[in-house]
Amino acid sequence: SQTIHQWPATLVQPVGSPLSLECTVEGTSNPNLYWYRQAAGRGLQLLFYSVGIGQISSEVPQNLSASRPQDRQFILSSKKLLLSDSGFYLCAWATSTGELFFGEGSRLTVL
Amino acid sequence: AQTVTQSQPEMSVQEAETVTLSCTYDTSESDYYLFWYKQPPSRQMILVIRQEAYKQQNATENRFSVNFQKAAKSFSLKISDSQLGDAAMYFCAYWDGGSQGNLIFGKGTKLSVKP
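Since the model is a prediction, treat every value here as computed from it, not as a measurement.

J.: Would you explain the overall build of chain A in this entry?
T.: Each helix and strand counted, chain A has zero helices and 11 strands in total. Written out in order from the N terminus, the α and β elements of chain A read β-β-β-β-β-β-β-β-β-β-β. In terms of overall dimensions, chain A is globule-like: its C-alpha atoms have a radius of gyration of 13 Å, near the 13 Å expected for 111 residues. In terms of overall dimensions, chain A has a C-alpha envelope of 40 × 30 × 25 Å along the principal axes. Within chain A, the fraction of its 111 residues that count as buried is 50%. Within chain A, contacts between residues separated by at least 24 positions form 53% of all contacts whose residues are at least 6 apart in sequence. In the structure as shown, chain A presents an accessible area of about 5,100 Å², 53% of it carried by carbon and sulfur atoms.

J.: How should I be thinking about the overall build of chain B in this particular structure?
T.: Along chain B, the regular secondary structure elements total zero helices and 12 strands. Taken over the C-alpha trace, chain B has a radius of gyration of 14 Å; the compact-globule value for 115 residues is 13 Å, and the two agree within 12%. For the C-alpha atoms alone, the extent of chain B along its principal axes is close to 40 × 25 × 20 Å. Burial statistics for chain B: of 115 residues in total, 46% are counted as buried. In chain B, once contacts between residues fewer than 6 apart in sequence are set aside, the share between residues at least 24 apart is 55%. Per element, the accessible surface of chain B, about 5,700 Å² overall, is 45% carbon and sulfur. Across chain B, the 11 positively charged side chains and the 11 negatively charged ones have centroids separated by 3 Å.

J.: Help me understand the interface of chain A and chain B, please; the structure alone is not making it clear to me.
T.: The extent of an interface is frequently quoted as the accessible surface area lost upon association of the parts. Facing the 22 residues of chain A at the interface are 19 residues of chain B. On the chain A side of the interface with chain B, the three residues burying the most area are Leu44(A), Glu99(A) and Phe102(A), jointly 25% of the side's total. Between the two partners, chain A and chain B, sit one salt bridge. A salt bridge links Arg50(B) to Glu99(A), with the nearest nitrogen and oxygen atoms 2.8 Å apart.

J.: Just checking my understanding: could you explain the side chain of Glu52(B) for this structure?
T.: Mapped onto the elements, Glu52(B) comes out in strand 6 (residues 46-52). In this structure, Glu52(B) is in contact with Tyr32(B), Tyr33(B) and Phe68(B), ignoring residues within four places of it in sequence.

J.: Can you help me understand the nonpolar core in this one?
T.: Nonpolar side chains in soluble globular proteins generally cluster together in the buried interior. Formed by 25 residues in total, the largest nonpolar core has its most connected members in Tyr25(B), Trp36(B), Phe75(B), Leu77(B), Tyr90(B) and Leu111(B). Taken together, the elements giving at least two residues each to this core come down to strand 3 (19-21), strand 5 (33-39), strand 6, strand 8 (64-69), strand 9 (74-79), strand 10 (88-95) and strand 12 (109-114) of chain B. Apart from residues lying up to four places away in sequence, Leu111(B) is in contact with Met11(B), Ser12(B), Val13(B), Val19(B), Leu21(B), Ile79(B), Asp86(B), Ala87(B), Ala88(B) and Tyr90(B). Grouped together as the second largest cluster of nonpolar side chains are 21 residues, Leu19(A), Phe48(A), Phe74(A) and Leu81(A) included.

J.: How should I be thinking about the sheet that holds strand 7 (residues 65-70) of chain A in this particular structure?
T.: By definition, the strands of a sheet pair up through backbone hydrogen bonds, in either a parallel or an antiparallel sense. Residue and element names in this part refer to chain A. Strand order across the open sheet formed by four strands is 1-3-8-7, with antiparallel pairing between neighbours. Two strands close off the open sheet at either side, each with one partner strand: strand 1 (3-7) and strand 7. Shown here is a sheet whose adjacent strand axes are inclined to one another by a mean of 20°, direction ignored. One ladder, built from six bridges, connects strand 3 (residues 19-26) with strand 8 (residues 73-78); its direction is antiparallel. What sits directly across from Glu 22, in strand 8, is Ile 75.

J.: What is the right way to read the pattern of salt bridges from this model?
T.: When charged atoms on two side chains of opposite charge get close, those side chains can pair. Going through the model one piece at a time under the given rule, you end up with seven salt bridges over all chains. With a closest N to O distance of 2.7 Å, Glu52(B) and Arg50(B) form a salt bridge. One exposure class covers both Glu52(B) and Arg50(B), and it is buried. Where salt bridges share partners, they join Glu99(A), Arg50(B), Glu52(B) and Lys55(B) into one cluster.

What counts, and where the lines are drawn
- Residues numbered from 1 in each chain as written.
- Chains lettered and ligands numbered in written order.
- Predicted model: local features only at pLDDT ≥ 70, side-chain atom pairs only at ≥ 80, totals over all residues.
- Heavy atoms only, no water.
- Helix = DSSP H or I, 4+ residues; strand = E, 2+ residues; numbered from the N terminus.
- Rg over C-alpha atoms; globule rule 2.2 N^0.38 Å.
- Buried < 20%, exposed > 50% of the residue type's maximum accessible area, 1.4 Å probe, protein only.
- Contact = heavy atoms within 4.5 Å.
- Areas by Shrake-Rupley, 256 points an atom, 1.4 Å probe, with all protein chains shown as cover.
- Lys, Arg positive; Asp, Glu negative; His and termini not counted.
- Charge placed at Lys NZ, Arg CZ, Asp CG, Glu CD.
- Buried area = accessible area lost by both parts, 1.4 Å probe.
- Salt bridge = Lys/Arg side-chain N within 4 Å of Asp/Glu carboxyl O.
- Core = buried A, V, L, I, M, F, W, Y, C linked by side-chain atoms within 4.5 Å.
- Pairing = 2+ DSSP bridges.
- Axes fitted to C-alpha atoms, helices over the stretch in contact; angles between N-to-C directions.

Interpretation in functional terms is not warranted from these geometric data alone.
Laid out in structure tokens, this is it:
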């Protein structure tokens, strides 16, 4: 069966520091992968999606970037974090019928 | 652009009773998919139920069912025989079936279950 993991679960970083959140999927090949951000009272916002290795699409302009170095690995990064980057980040993969399966989430606090 | 609206930020239900969560959406598409996701306090989001727009029959999954009104662009979730474990944030989501599989989520409804 397919599983998805992301880490770290919790991260506290100072403004201006770099960020790397990692997500891996097991049990499926060539999945569509997604990074969402969840802010309180604002639902989920799609940040990036990827349909294959090295293929990244950005949905919103921001201080973050994403990379997909391997088929089942999806990384969310920033060179210099801003206070506004704080939030709960969710990685997900999608089935061909649109169902999303989410990771456990990563809580980022930028101080 | 498609939008999803959940007009109830919070709802409360007594254990063993029934509750309905509302969702409306806006789209010009005729074929699409709708979902309800549940996010318990542990935070991992899970799929509750899905509905294809071309199907007139309302989807059902055990105690969870939907009332899909395509003309009204309404997609409500009914939870019967509510249990304490149903307490969570519930998100309504829309997918237009595009290859990238981007879902549009509502802002969520926080459901509390009283013992």
